[in-house]
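An overview of the molecular structure
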Amino acid sequence: MAILEVSDLKQYFYLQPTFLGKLVGGAKPRIIKAVDGVSFSMQHGEILGVAGESGCGKSTCCLAIAKLREPTDGTIRYKEQNISEMSKGEIRNYRREVQLIFQDPYESLNPRYTVFDLVAEPLRALTDKNKTEVRERAHETIAMAGLTPEEYKNRYPHQMSGGERQRVGIAQALVLEPKLVIADEPLSMLDVSIRAGILDLIRDLSERMNFSCIYVSHDLSILSNISERLMIMYLGRIMELGITKEVITEPYHPYAQALIAAVPIPDPAYKRPIPKIKGEVAQPIDPPPGCRFQTRCLQVMDICRGTEPPLKEVKPGHSVACHLY
Ligand SMILES: Nc1ncnc2c1ncn2[C@@H]1O[C@H](COP(=O)(O)OP(=O)(O)OP(=O)(O)O)[C@@H](O)[C@H]1O
Ligand SMILES: [Mg+2]
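Here is what the cut-offs are and how they apply
Residues numbered from 1 in each chain as written. Chains lettered and ligands numbered in written order. Predicted model: local features only at pLDDT ≥ 70, side-chain atom pairs only at ≥ 80, totals over all residues. Heavy atoms only, no water. Pairing = 2+ DSSP bridges. Helix = DSSP H or I, 4+ residues; strand = E, 2+ residues; numbered from the N terminus. Axes fitted to C-alpha atoms, helices over the stretch in contact; angles between N-to-C directions. Contact = heavy atoms within 4.5 Å. Expected span 1.5 Å × (residues − 1). Buried < 20%, exposed > 50% of the residue type's maximum accessible area, 1.4 Å probe, protein only. Salt bridge = Lys/Arg side-chain N within 4 Å of Asp/Glu carboxyl O. Near = heavy atom within 4 Å. Polar contact = N/O pair within 3.5 Å; in protein donor to acceptor, adjacent residues only side chain to side chain. Areas by Shrake-Rupley, 256 points an atom, 1.4 Å probe, with all protein chains shown as cover. Nonpolar A, V, L, I, M, F, W, Y, C, P; charged D, E, K, R; others polar.

Moving on: the sheet that holds strand E3 (residues 47–51). Hydrogen bonds between backbone groups are what pair the strands of a sheet, and the pairing can be parallel or antiparallel. Taken in spatial order, the eight strands make up an open sheet running E6-E7-E8-E3-E9-E10-E12-E11, and their pairing is mixed. Edge positions in the sheet fall to strand E6 (98–101) and strand E11 (312–315), since each has one partner strand and no second. Taking the axes of each pair of neighbouring strands and ignoring which way they run, one obtains an average angle of 25° across the sheet. In this structure, E3 lies alongside strand E9 (residues 229–234), joined through four bridges in parallel fashion. Within E9, the residue paired with Gly 49 across the bridge is Leu 230. Sheet contacts for helix H3 (residues 88–97): E6 and strand E7 (180–184); angle to E6, the most-contacted strand, approximately 45°.

If you want it as structure tokens, here you go:
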């Protein structure tokens, strides 16, 4: 049984025309199709990596899955239940079982709370544990995140380093023993030197606690390290989805090829290949009909300009949205 099934998820935002635009006449609201028809499923215990350039809709997907925003269209099923049709009690349970780790440990922690209160708060709000049980569980989780409870429990967020704060963010997300963790670029605000430690921690805990994880990152080397399957997005759609190793070593989609070719290789004799992409980062505002990548694709064909390519399986477990295949 899949733990999560996302079908045809769409999240649109409407940009109202400016006053001047209205005066001149003819200006209509413009649509930002931040997520436009995303479908995938996840198995229990799986880590799914999500990559794609800035603005392609990764965080928007995460927010809809975490039920922090109602999608424009499409369904999200968690353990076969549509999350839009949950009762109050089921939503409470969903809030316990599905947790987010945020990108910015400076902004996501309440500055007025001590580490202990930050980690104990979800237990107080969403469980029936008594005071002693809350204290024990909070201490245990702070220690699991790699911080000594005695030393850190009375500290405030401003009294810690970025890496320590992110460990508190992780403790906060894991204290309720979630089944699904959504980590939206949890390392990108941290120093390179402490990233490896936090990454190991997340991987180690996911194995020990056996939660499924959606791991969003710009860094393909991190994703190849942590995720079993990899999903590559471009302007609100999935371009390629498959086993991480296969996608990295043998990408099909021209966008995936360009993205992977851009990863630096530590070899002085290595000559960087000619970029497989043209133009600038596009915007998901009023996207053209057909393939979203057409304006930057070096292999664009006539069909790409009129027909949107569906995500098709090209090999067992490896799907690509491209008319070349
Ligand atoms: N509340 C909003 N109102 C209008 N547009 C929005 C809103 N939230 C996101 N967008 C737009 O939707 C698109 C997708 O944004 P999103 O934050 O999901 O991108 P992302 O893939 O997470 O990017 P990054 O890698 O920079 O975090 C962007 O073009 C963004 O400007
Ligand atoms: Mg984002």
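This paragraph deals with helix H7 (residues 162–174). Spanning 13 residues, H7 covers 18 Å between terminal C-alpha atoms, matching the ideal 18 Å at 1.5 Å per step. Where burial is concerned, most of H7 is hidden: 11 out of the 13 residues are buried. Of the residues making up H7, those classed as buried are Gly 162, Gly 163, Arg 165, Gln 166, Arg 167, Val 168, Gly 169, Ile 170, Ala 171, Ala 173 and Leu 174. Buried-residue contacts for H7 involve E6, helix H4 (115–126), helix H5 (131–144), E7 and helix H8 (192–209).

To continue, consider the pattern of salt bridges. Enumeration over the complete set of coordinates arrives at 17 salt bridges. The partner of Glu 53 in a salt bridge is Arg 296, with the nearest N and O atoms 2.7 Å apart. Remark: Arg 296 occurs in the loop between helix H11 (254–261) and helix H12 (302–306) and Glu 53 occurs in the loop between E3 and helix H2 (58–65); sequence separation between them is 243 residues. One salt bridge connects Glu 151 with Arg 155, and the closest N-O pair in it is separated by 3.3 Å. Ionic contacts of the salt-bridge type, sharing partners, join the residues Asp 36, Arg 237, Arg 292 and Glu 308 into one network.

All right, on to the site of ligand 1 then. Near ligand 1, the surroundings consist of 14 residues, among which Ser 54, Gly 55, Lys 58, Ser 59 and Thr 60 are the closest. Residue Cys 56 places a main-chain N or O atom 3.2 Å away from an oxygen atom belonging to ligand 1. A distance of 3.0 Å separates an oxygen atom of ligand 1 from a polar atom in the backbone of Gly 57. Relative to its unbound accessible surface of 640 Å², ligand 1 loses 67% to contact with the protein. Put simply, the parts of the chain that give the shell around ligand 1 at least two residues each are strand E2 (30–43) and H2. Among the residues forming the shell around ligand 1, the class breakdown is five nonpolar, six polar and three charged.

It is worth stressing that arrangement in space is one thing and function is another; only the former is reported here.
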